[in-house]
There are 2 protein chains.
Amino acid sequence: MDVTSDTLEPLHLAGCANVAPVLNRVGDKWSMLIVMVLATGSRRFNELKREIDGISQRMLTRSLRGLERDGLVSRTVTPTIPPRVDYELTELGHSLRLPVKALGDWAIEHIDCIREAQKRYDARESEG
Amino acid sequence: MDVTSDTLEPLHLAGCANVAPVLNRVGDKWSMLIVMVLATGSRRFNELKREIDGISQRMLTRSLRGLERDGLVSRTVTPTIPPRVDYELTELGHSLRLPVKALGDWAIEHIDCIREAQKRYDARESEG
DNA sequence: CAGAATCCATGTTGATACTG
DNA sequence: CAGTATCAACATGGATTCTG
């Protein structure tokens, strides 16, 4: 079976094993938000922290490390005092924006439909 | 700012709030795997359990409930003895396949690149 | 400024046993 | 067959404190 099949058949199991880690990163709480911000240009650590509302220092560090490890973000240290560290999307990071945007557009397009389904479900739940 | 902007600008904060729950479901361990299987046709509970390697009964139940609540999967009970329950994708569920496939294709296309980046990162880590 | 280290609350997943 | 209930293990996320 061809992994790069462009039909809408389900991904076979080997394919899923490859896709899972990506889905995992995409699905985590902060990574895609960071990618979205870096999509507009490089940022320093505290710039990101200020722009991404609610993220803790710890999670920003961890998420950036994860993105760097996956080759989606590059980290450039300028050893001045105080130190300066710039983060920016790699080419790979930029290429991820398109499929993620497709998903984001889907979400925005169907969010009302989803919320209504949830309301109906919850209503049925609470009544019995 | 228009939520449905089709540029590649970062999603604004309100947009992200809408996208987050979808990313959350897409990113969870089993939901998209279930969607992939159901994409080929409806299944009974234990058929899904057999086809999705490694999923526990509990997680299959929970994932299906989540998908049902979001309106992505429909659940049809036939009250025979033994009971029969069929799951299938709703129209909304089917519409999600395209953007998820885009992401899956991206993953498959770049998995080697990612793995190499991870190796390089881990190598740098371990040496210091 | 850019983090590392620590501790803790919470959420997620899985194994097991039981049920209509 | 298609679940529910319970418990334990682990992962995730956040607050706080400290450092070169």
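Residues numbered from 1 in each chain as written. Chains lettered and ligands numbered in written order. Predicted model: local features only at pLDDT ≥ 70, side-chain atom pairs only at ≥ 80, totals over all residues. Heavy atoms only, no water.

**Student:** Explain the packing of helix α4 (residues 57-69) of chain A against helix α5 (residues 91-127) of chain B to me, please; I cannot follow it from the model alone.
**Tutor:** Any two packed helices are characterised by how steeply their axes cross, that is the angle between the axes, and by the distance between the axes. Close contact between α4 of chain A and α5 of chain B brings their axes to 8 Å; oriented N to C, the two are set at 120°. In this structure, α4 of chain A contributes Arg 65, Glu 68 and Arg 69 of chain A to the contact, and α5 of chain B contributes Ile 114, Ala 117, Gln 118, Tyr 121, Asp 122 and Arg 124 of chain B. For the contact of α4 of chain A with α5 of chain B, the per-class residue count stands at 3 nonpolar, 1 polar and 5 charged. (Axes fitted to C-alpha atoms, helices over the stretch in contact; angles between N-to-C directions. Helix = DSSP H or I, 4+ residues; strand = E, 2+ residues; numbered from the N terminus. Contact = heavy atoms within 4.5 Å. Nonpolar A, V, L, I, M, F, W, Y, C, P; charged D, E, K, R; others polar.)

**Student:** Whenever I open this one, the UniProt feature "domain: HTH hxlR-type" (unreviewed entry) in chain A confuses me. Can you help?
**Tutor:** When the UniProt feature table is mapped to this numbering, "domain: HTH hxlR-type" (unreviewed entry) covers residues 16-115 of chain A. Measuring from the first to the last C-alpha atom of residues 16-115 of chain A gives 28 Å, for a span that is 65% helix and 14% strand. (UniProt positions renumbered as here; feature names shortened; annotations may be inferred.)

**Student:** What should I look at first to understand the protein's contact with DNA strand C in this one?
**Tutor:** By nearness alone, 18 residues border DNA strand C, and Gln 57, Arg 75 and Tyr 87 of chain A together with Lys 29 and Arg 58 of chain B come closest of all. Of everything in DNA strand C that lies within 4 Å of the protein, sugar and phosphate atoms constitute 60%. Contact between DNA strand C and Asn 46 of chain A: a phosphate oxygen at 2.9 Å from a main-chain N or O atom of the residue. Broken down by secondary-structure element, the contributors of at least two residues to the surface near DNA strand C are α3 (45-51), α4 and β3 (84-89) of chain A together with α4 (57-69) of chain B. Counting residues per element, the surface near DNA strand C draws most heavily on α4 of chain A, at 4 residues. (Near = heavy atom within 4 Å. Polar contact = N/O pair within 3.5 Å; in protein donor to acceptor, adjacent residues only side chain to side chain.)

**Student:** How should I be thinking about the protein's contact with DNA strand D in this particular structure?
**Tutor:** The full set close to DNA strand D counts 19 residues, and Lys 29 of chain A together with Arg 44, Gln 57, Arg 75 and Tyr 87 of chain B are the nearest of them. Among the atoms of DNA strand D lying within 4 Å of the protein, the sugar-phosphate backbone contributes 63%. In this structure, a base nitrogen belonging to DNA strand D sits 2.4 Å away from a side-chain N or O atom of Gln 57 of chain B. With respect to DNA strand D, the side chain of Tyr 87 of chain B contributes an N or O atom lying 2.5 Å from a phosphate oxygen. The residue makeup of the surface near DNA strand D, split by class, is 8 nonpolar, 4 polar and 7 charged.

**Student:** Where do I start with helix α2 (residues 31-38) of chain A in this structure?
**Tutor:** In an α-helix there are 3.6 residues to a turn, and that puts residues three or four apart on one side. In terms of burial, α2 of chain A is a largely internal element, 7 of the 8 residues being buried. Listed as buried for α2 of chain A are Ser 31, Met 32, Ile 34, Val 35, Met 36, Val 37 and Leu 38 of chain A. (Buried < 20%, exposed > 50% of the residue type's maximum accessible area, 1.4 Å probe, protein only.)

**Student:** Help me understand the sheet that holds strand β1 (residues 43-44) of chain A, please; the structure alone is not making it clear to me.
**Tutor:** Within a sheet, each strand pairs with its neighbour through backbone hydrogen bonds, oriented either parallel or antiparallel. All names here are of chain A. Read from one edge of the open sheet, 3 strands run β1-β3-β2, paired in antiparallel fashion. Edge positions in the sheet fall to β1 and β2 (73-78), since each has one partner strand and no second. Direction of pairing for β1 relative to β3: antiparallel, over a ladder of 2 bridges. If you follow Arg 44 over to β3, its bridge partner there is Asp 86. Along the sheet, α2 makes contact with β1, β2 and β3, crossing β3 at roughly 95°. Here α4 sits on the sheet in contact with β2 and β3, set at roughly 110° to β2. (Pairing = 2+ DSSP bridges.)

**Student:** Got a minute to help me understand the pattern of salt bridges in this structure?
**Tutor:** Two side chains that carry opposite charge are able to pair once their charged atoms sit near each other. Taken as a whole, this structure holds 12 salt bridges over all chains when the rule is applied. Among the salt bridges present, the one from Asp 70 of chain A reaches Arg 25 of chain A, with a minimum N-O distance of 2.4 Å. Of the two residues, Asp 70 of chain A sits in the loop between α4 and β2 while Arg 25 of chain A sits in helix α1 (residues 13-27), which places them 45 residues apart along the sequence. For Arg 43 of chain B, the salt bridge identified is with Glu 51 of chain B, shortest N-O distance 2.5 Å. Overlapping salt bridges bring together Arg 25, Asp 28 and Asp 70 of chain A as one network. (Salt bridge = Lys/Arg side-chain N within 4 Å of Asp/Glu carboxyl O.)

**Student:** Help me out: how do you make sense of the interface of chain B and chain A in this one?
**Tutor:** The interface is formed by 52 residues belonging to chain B together with 51 residues belonging to chain A. Across the chain B to chain A interface the summed buried area is about 4,800 Å²; carbon plus sulfur atoms make up 73%. Area buried by chain B at its contact with chain A is led by Arg 69, Leu 103 and Trp 106 of chain B, which between them contribute 14% of it. At the surface where chain B touches chain A, the tally comes to 2 salt bridges. Close ionic contact of Asp 122 of chain B with Arg 69 of chain A constitutes a salt bridge, the shortest N to O distance being 2.7 Å. Within the residue set of the side of chain B that touches chain A, elements represented by two or more residues are α1 (13-27), α2 (31-38), α4 and α5 of chain B. The biggest single contributor to the side of chain B that touches chain A is α5 of chain B, with 25 residues. Its residues placed into classes, the side of chain B that touches chain A shows 29 nonpolar, 12 polar and 11 charged. (Buried area = accessible area lost by both parts, 1.4 Å probe.)

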